[in-house]
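# What the coordinates show
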Amino acid sequence: MQVKAPRGTVDILPADAKKWQHIERVIKECIESFGFQEVRIPIFEHTELFLHGVGQGTDIVSKEMYTFNDRSQRSLTLRPEGTASCARAIIEHSVYGGVLPIKWYYTGPMFRYDRPQAGRYRQFHQVGVEAFGSNSPYLDAEIIILMVGILSALGLSAYELHLNSVGCPHCRQSYRQSLIEHINPVKEALCPDCQVRFMQNPLRVLDCKVASCHEAIAGYPLIYDSLCNDCRDHYAAVKTALEDNGVAYLHDNQLVRGLDYYTNTAFEVHIPGIGAQSAVGGGGRYNGLVRELGGPDLPGIGFALGLERLLLALDTLGIKESAQSGIDAFIAVMNGKHESPALRILNEIRRAGIRADKDYTGRSGKAQMKYADKLGAKLVILIGDEEMEQGFLTLRNMENKEQLRVENEQLINTIKQIMAMD
RNA sequence: GUGGGUGUAGCUCAGUUGGAAGAGCACCAGAUUGUGGCUCUGGGGGCCGUGGGUUCAAGUCCCAUCAUCCACCCCA
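Now for a description of the structure that goes with this document. (Residues numbered from 1 in each chain as written. Chains lettered and ligands numbered in written order. Predicted model: local features only at pLDDT ≥ 70, side-chain atom pairs only at ≥ 80, totals over all residues. Heavy atoms only, no water.)

## Side note on the overall build of chain A
Stated precisely, the cut-off is as follows: Put simply, DSSP H or I for four residues or longer makes a helix, DSSP E for two residues or longer makes a strand, and each gets a number counted from the N terminus. Note on method: radius of gyration uses C-alpha positions; expected globular size equals 2.2 Å times residues raised to 0.38. A simple rule labels every residue: compare its accessible area, found with a 1.4 Å probe on the protein chains alone, to the largest value its type can have, and call it buried under 20%, exposed over 50%, or partly exposed in between. Whether two residues are in contact is decided by their heavy atoms, any of which lying within 4.5 Å being enough. Per-residue and other accessible areas were derived by the Shrake-Rupley procedure at a 1.4 Å probe size, with only the shown protein chains allowed to occlude residues. Positive charges come from Lys and Arg, negative ones from Asp and Glu, while His and the chain ends are left out of the count. Think of each charge as sitting on NZ of Lys, CZ of Arg, CG of Asp or CD of Glu.
Each helix and strand in chain A was counted, giving 16 helices and 16 strands. Over its C-alpha atoms chain A spans a radius of gyration of 28 Å, topping by over 25% the 22 Å that the globule rule assigns to 422 residues. For chain A, the spread of C-alpha atoms along the three principal axes comes to 95 × 55 × 45 Å. Scored against the burial criterion, the 422 residues of chain A give a buried share of 48%. The long-range share in chain A, meaning contacts at least 24 apart out of those at least 6 apart in sequence, stands at 68%. Split by element, the accessible area of chain A, about 21,300 Å² in all, is 50% carbon and sulfur. Side-chain charges in chain A split into 45 positive and 51 negative, and the spacing between the mean points of these groups amounts to 5 Å.

## What to know about the environment of Gly273
As for its placement among the helices and strands, Gly273 is situated in the loop between strand E9 (263-270) and strand E10 (279-285). A residue is classified by how much of its surface remains accessible, and Gly273, at 63% relative accessible area, is exposed.

## A short note on the sheet that holds strand E2 (residues 44-46)
Rules: We treat two strands as partners when DSSP finds at least two bridges between them. Axis geometry follows a simple rule: fit a line to the C-alpha atoms, using only the stretch in contact for helices, then measure angles between N-to-C directions, giving values from 0 to 180 degrees.
With antiparallel pairing, the 3 strands of this open sheet are ordered in space as E2-E4-E3. In the strand order of this sheet, the two ends are held by E2 and strand E3 (66-69), each with one partner. Pairwise comparison of adjacent strand axes, ignoring direction, gives a mean angle of 35° for this sheet. In the sheet, E2 pairs with strand E4 (residues 75-78) via 3 bridges, with the strands oriented antiparallel. Within the sheet, the bridge partner assigned to His46 lies in E4 and is Leu76.

## Let's talk about the nonpolar core
To be explicit about the condition: Within this scheme, the nonpolar core is defined by two criteria: the residues are buried Ala, Val, Leu, Ile, Met, Phe, Trp, Tyr or Cys, and they are joined through side-chain atoms within 4.5 Å.
In this structure, Ile27, Ile31, Ile150, Leu161, Phe267, Phe303 and Leu310 are the most contacted members of the largest nonpolar core, which totals 44 residues. Counting residues per element, this core draws most heavily on helix H5 (residues 137-154), which supplies 10 residues. Counting residues in each nonpolar core, the second largest holds 21 residues, with Cys194, Ala216, Ile223 and Cys231 among its members.

## Points about the pattern of salt bridges
Threshold: Salt bridge criterion: a side-chain nitrogen from Lys or Arg within 4 Å of a carboxyl oxygen from Asp or Glu.
For the structure shown, the criterion picks out 16 salt bridges. One salt bridge in this structure joins Arg88 and Glu45, with 2.4 Å as the shortest N-O distance. With Arg88 in helix H4 (residues 83-92) and Glu45 in strand E2, this residue pair connects regions lying 43 residues apart in the sequence. Note that Lys103 and Glu142 form a salt bridge whose closest N and O atoms lie 2.8 Å from each other. Within this pair, whereas Lys103 is found in strand E5 (residues 102-111), its partner Glu142 is found in helix H5, the two being separated by 39 residues in sequence. Through salt bridges with shared partners, a single network forms among Asp16, Lys19 and Asp315.

## Quick word on the pairing of E4
Of the strand pairs in this sheet, E3 and E4 are connected by 4 bridges, and their pairing is antiparallel. Bridge assignment links Phe68 to a residue of E4, and that residue is Leu76. Between E3 and E4, which pair antiparallel and follow one another directly, the connecting turn spans 5 residues, one of which, Gln73, has a positive phi of 65°.

## Looking at a nonpolar patch on the surface
Selection criterion: Residues qualify for a patch when their relative accessible area is over 30% and they have no salt bridge, like charges being joined within 9 Å and the nonpolar side chains of Val, Leu, Ile, Met, Phe, Trp and Tyr within 5 Å.
Taken together, the side chains of Ile43, Phe44 and Phe68 present a nonpolar region at the surface, about 250 Å² in accessible area. Structurally, Phe68 is set in strand E3. Here Phe68 falls in the partly exposed class, since its relative accessible area comes to 32%.

Remember, this is a structural readout, not a statement about activity or role.
In structure tokens, the structure reads:
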């Protein structure tokens, strides 16, 4: 019996879960303030969905999916991302027949079989935002503004926004051709990985970090120069809108999305200094996706943020949220024979909305005070012989050490009064 | 899938040319017989990742294996 979570998975213990709750709350507030609504999609889908919705040529599909057969021999896959499921749900429920654009967001675990390293896990968490049904460049800008707005709200203003356009299928086809013509004469000089990439998708060669590949393809054509007029206008409008809204970006010719239905705007946000996996979020326009999955010709754009990476960035950069924690009141039982009334009082004040706890290990009165302090209790309710005999309770304020005698019926009101003064 | 680093107490880590397993923090208790934070004192806690090998003797050297971290790759 191995007492260890599977490779690439982690337990989020209470101390960390607090941080998760914090960023999830901030992110959710930002997204909803932009008019997006939450959608909840399955953790697993038919494998087929990802074959078509992510693309067979991608690493995700070819070597990173958790695929299994269920007892009825259906091939299912733990979702490696969320966009395909959203598109599927929109088609399945004919959501495209209603008000457009459809503005959805989702959050939850994703699964990819990959070698774990800093900022990379096999089960990781994303918040994704998708907008379907509009091809307006201003929607592209809104999406990007939302993404960087979330980062700012979290205190992560030191980001780099990379931006590019990969064009539409038409201009990308001509770009692809000119790239092939440029690289083909020098393909022998490419690294083995790139030789393979070149055959599968020449655009991916541009991503290669091997220096010799860079040299070999020096002077390669830029996709920007191959954009058709519509795509060029679209990209220009996105950039202008970002500038008008004070969002700084870096035009990055090497930022490409290889899949056929990715179109026009592509973007990625990096936070330097958090390790090799510095991309905390990324996204783009995917006007071909819904149709590819058998739906109508519905354009779409979206992004996803990696929550582990956001937390890594917050930790690395030393950004802390104000730690409000602990409980309101602790019940100290000075004599074990009063346990039962103590439990009754504990649950009375809990029902009144007061966060409270007591000892269950038989600690001495003094040790219970220490324990109350560790739990961050603001008040301690003392229950001893004197209290029980005379029918009152002693309330100790842990901040100023003041103690007062309160009648049983006045306990809840008194606690609430003291708490309201903070 | 490829490369490198690291596995010793709950946590962070020392451990000399191979010679009786340690510190800090955390936990529990006492100093204070019904009262927290600071201080002092004491205590519980270890298959030294696992399996083999070398040796009179292995936490230490060698091999294997597993785990983990970092990087390549890919992406969030």
